[in-house]
Amino acid sequence: MLLRSHFPPKYTNCETKRQFTWPFTTEVRLMFVHTMYIYQKTNRYFAQVADDIKEIAAAEIQDLGATEVRLAYRGLYFEASPDVLYCLNLRSALVHRILAPLLTFDCHSDRYLYKTAAKIQWSDFLTPDHTFAVFATVSNSTIRHSKFAALRLKDAIVDYFRATTGKRPSIETQSPDLWINLRIHNNRATLSIDTSSGSLHRRRYRLQTVEAPMIETLAAAILKAAEWDCHQPLYDPFCGSGTLLCEAYLQATQTPPGMLRSHFGFERLPDFDLRQWEQVKQACSQNTITISKNLVAGSDISKTAVAAARRNANTFDQHGNITIHQRDIFQIDKLEQKFILCNPPYGVRLKNSQEDLATFYKRLGDFLKQRCRGSTACIYFGDRQYIKHIGLRSSWKKPFSNGGLDGRLVKYVLY
Ligand SMILES: C[S@@+](CC[C@H](N)C(=O)[O-])C[C@H]1O[C@@H](n2cnc3c(N)ncnc32)[C@H](O)[C@@H]1O
């Protein structure tokens, strides 16, 4: 049973007022006073970004129109107009998700969390026919368990709809219409809408994977850090499921990484402007360019990996401009005047081989020295202990962690 006290009429920072009628009784009339949400008042958002790619991501979102960008723990604060927010979700290759803050409040108990969340006019974002999910993180606070915090917030949202419409939206944790984000840190809660609708690293092109695939945002960051100019032919001789090739293709053709996503969370914001969103999409599609057939190519020793890479690339490269072959790198005659970008095997003993990884990396170094004249190689070592076995002088080394591994991207200029 939902009590009147769940929707107290007093609500701070009022900008506009609306009246609702409780549908189950003619006597009870509730007044909801609608507050402007934080993101509406400030135009400020938070982009979740992996810690070691924050600088490159800050430069990327600035290029796309974000202002007042500030580095923070696990992400970036920035300001943006609605069209820039849409553009960032569609075009950023490095950001995981963008949160639009609604409300922030002191939160010392689950009861208070429920009461405060119940005051939000959730019909601004959802109808009972939509699905939603809550993602919560909790640290250094009286509420100790993130799942419990998420449950209380879900209860508040469901009870809101039951009281106002008699129906409730369903929970869907795979692909909901709306992701709601709750962070409680030092007993201070922030409630946000995930404007990306799930992590942007899921570009929807990776239909098949192989062992140790690279996360798409890391592949994009490596590509940016390697400073490929989009003109020199790029080759990945250890392409696996083709993540580096797909990201290189997206970058060279200026295809928005979010192109294959079916929906974004910002479409559920109360001030969503469909006309502006159409304009953003149209501007992007006018900017895409076609690339020549040999600009992005790769190979892998594994037949399964080659099939996966071709299938993934085909999701958007319908003209087959990315060339992928099945090859053992050591059987390749030469890779001259190329931009070699790759992520060789690491951490596990090579399958079907008696060779250990130290010997493998020594042979790779010999291959680069002897058969790759005039090329630049940027190699991502998932395990940096193998760098020394390559036996080549590097131009630079940059740290990039991958699934908890302290990897390095190393550049070699080959004469
Ligand atoms: C770490 S995985 C690459 C993952 C890839 N970046 C992705 O995102 O899916 C290393 C790849 O090297 C391939 N490989 C191992 N030995 C090879 C060799 N001698 N020649 C070519 N490819 C090889 C494996 O089949 C595997 O797909």
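Structure: see above.
First, a word on scope: everything that follows refers to the structure included in this document. (Residues numbered from 1 in each chain as written. Predicted model: local features only at pLDDT ≥ 70, side-chain atom pairs only at ≥ 80, totals over all residues. Heavy atoms only, no water.)

## Notes on the overall build of the protein chain
When helices and strands are tallied, the protein chain shows 11 helices and 17 strands. Contacts in the protein chain between residues at least 24 apart in sequence constitute 74% of all its contacts with a sequence separation of at least 6. (Helix = DSSP H or I, 4+ residues; strand = E, 2+ residues; numbered from the N terminus. Contact = heavy atoms within 4.5 Å.)

## Observations concerning the sheet that holds strand 16 (residues 396–402)
In a beta sheet, neighbouring strands pair by backbone hydrogen bonds and run either parallel or antiparallel. Taken in spatial order, the 7 strands make up an open sheet running 13-12-11-14-15-17-16, and their pairing is mixed. Edge positions in the sheet fall to strand 13 (323–326) and strand 16, since each of these pairs with one other strand and no more. Across the sheet, the mean angle separating the axes of adjacent strands is 20° when strand polarity is ignored. Here strand 11 (residues 234–236) runs beside strand 14 (residues 339–342); their pairing, made up of 2 bridges, is parallel. Bridge assignment links Tyr235 to a residue of strand 14, and that residue is Ile340. Contacting strand 11, strand 14, strand 15 (376–381), strand 16 and strand 17 (405–413), helix 6 (residues 216–226) runs over the sheet at an angle of about 170° to strand 16. (Pairing = 2+ DSSP bridges. Axes fitted to C-alpha atoms, helices over the stretch in contact; angles between N-to-C directions.)

## Remarks on the pairing of strand 12 (residues 296–300)
Counting buried positions over the 5 residues of strand 12 gives 5, a clear majority of the element. Side-chain alternation along strand 12 places Val296, Gly298 and Asp300 on one buried face and Ala297 and Ser299 on a second face that is also buried. Bridge count for strand 12 against strand 13 is 4 bridges, and the pairing is parallel. Bridging from a neighbouring strand, Asp300 pairs with Gln326 of strand 13. (Buried < 20%, exposed > 50% of the residue type's maximum accessible area, 1.4 Å probe, protein only.)

## Things to note about the site of the ligand
Surveying the vicinity of the ligand reveals 19 residues, the closest of which are Met214, Ser241, Thr243, Asp300 and Ile329. In the model, an oxygen atom of the ligand is placed 2.9 Å from a nitrogen or oxygen of the Met214 main chain. Note that a nitrogen atom of the ligand is positioned 3.2 Å from one of the backbone N or O atoms of Ile301. Taking 610 Å² as the accessible area of the ligand by itself, protein coverage stands at 90%. Among the residues forming the shell around the ligand, the class breakdown is 11 nonpolar, 5 polar and 3 charged. (Near = heavy atom within 4 Å. Polar contact = N/O pair within 3.5 Å; in protein donor to acceptor, adjacent residues only side chain to side chain. Areas by Shrake-Rupley, 256 points an atom, 1.4 Å probe, with all protein chains shown as cover. Nonpolar A, V, L, I, M, F, W, Y, C, P; charged D, E, K, R; others polar.)

## Examining the pairing of strand 6 (residues 97–106)
Burial analysis of strand 6 places 8 of its 10 residues in the buried class, which makes it a mostly covered element. With 3 bridges joining them, strand 3 (residues 44–48) and strand 6 adopt antiparallel strand pairing. Residue pairing across strands places Phe46 opposite Leu99, the latter belonging to strand 6. In this sheet, strand 10 (residues 188–194) lies alongside strand 6 in antiparallel orientation, the contact comprising 7 bridges.

## Points about the pattern of salt bridges
In the structure shown here, the tally under the stated rule is 16 salt bridges. Here Lys224 makes a salt bridge to Glu60, at a shortest N to O gap of 4.0 Å. Taken as a pair, Lys224 in helix 6 and Glu60 in helix 2 (residues 54–63) lie far apart in primary sequence, 164 residues in all. Counted as one network, the salt bridges with shared partners bring together Asp110, Arg152 and Asp155. (Salt bridge = Lys/Arg side-chain N within 4 Å of Asp/Glu carboxyl O.)

## Regarding helix 2
For helix 2, the complete set of buried residues consists of Lys54, Ala57, Ala58, Glu60 and Ile61. Along helix 2, the residues classed as buried sweep out an arc of 165° about the axis, all on the same side. In helix 2, the exposed positions that point more than 90 degrees away from the buried face belong to Glu55 and Asp63. Where helix 2 is buried, its residues meet strand 4 (67–72), strand 5 (75–79), helix 3 (82–91) and helix 6. Immediately beyond the C-terminal end of helix 2, within one or two residues, lies Gly65, with a positive phi of roughly 115°. (Arc of directions from axis to C-beta.)

## Considering the packing of aromatic side chains
Applying the stated criterion across every chain, the model contains 21 aromatic pairs. Here the aromatic rings of Tyr86 and Phe266 are separated by 4.5 Å at their centres, their planes lie at 25°, and the arrangement is stacked. Here the residue Tyr86 occupies a position in helix 3, and Phe266 occupies one in the loop between helix 7 (243–253) and helix 8 (274–287), the gap between them amounting to 180 residues. Since its relative accessible area comes to 2%, Tyr86 is described here as buried. (Phe/Tyr/Trp six-rings, centres within 6.5 Å; stacked < 30°, edge-to-face > 60°.)

## Structural notes on the side chain of Arg261
Mapped onto the fold, Arg261 is located in the loop between helix 7 and helix 8. Here Arg261 is buried and forms no salt bridge, its nearest opposite-charge partner Asp194 lying at an N-O distance of 6.6 Å. Only 2.9 Å separates the side chain of Arg261 from the backbone oxygen of Gly198, close enough to count as a polar contact. Among the polar contacts listed, one links the side chain of Arg261 to the backbone oxygen of Arg202, at a separation of 3.1 Å. Those residues in contact with Arg261 that sit more than four places away from it in its chain are Ser196, Ser197, Gly198, Ser199, Leu200, Arg202 and Arg204. (Lys, Arg positive; Asp, Glu negative; His and termini not counted.)

## So, the nonpolar core
Proteins that are soluble and globular tend to have nonpolar side chains buried together. By size, the foremost hydrophobic cluster in this structure holds 99 residues, and its most contacted members are Trp122, Phe125, Ile180 and Leu191. Counting only domains with at least three residues in this core, you end up with domain 1 (4–194) and domain 2 (216–258 + 290–413). Beyond its immediate stretch of four places on either side in the chain, Leu191 contacts Ala100, Pro101, Leu102, Leu103, Phe105, Ala117, Ile120, Trp122, Leu153, Ile180, Asn181 and Leu182. (Core = buried A, V, L, I, M, F, W, Y, C linked by side-chain atoms within 4.5 Å. Domains from an automatic or database assignment.)

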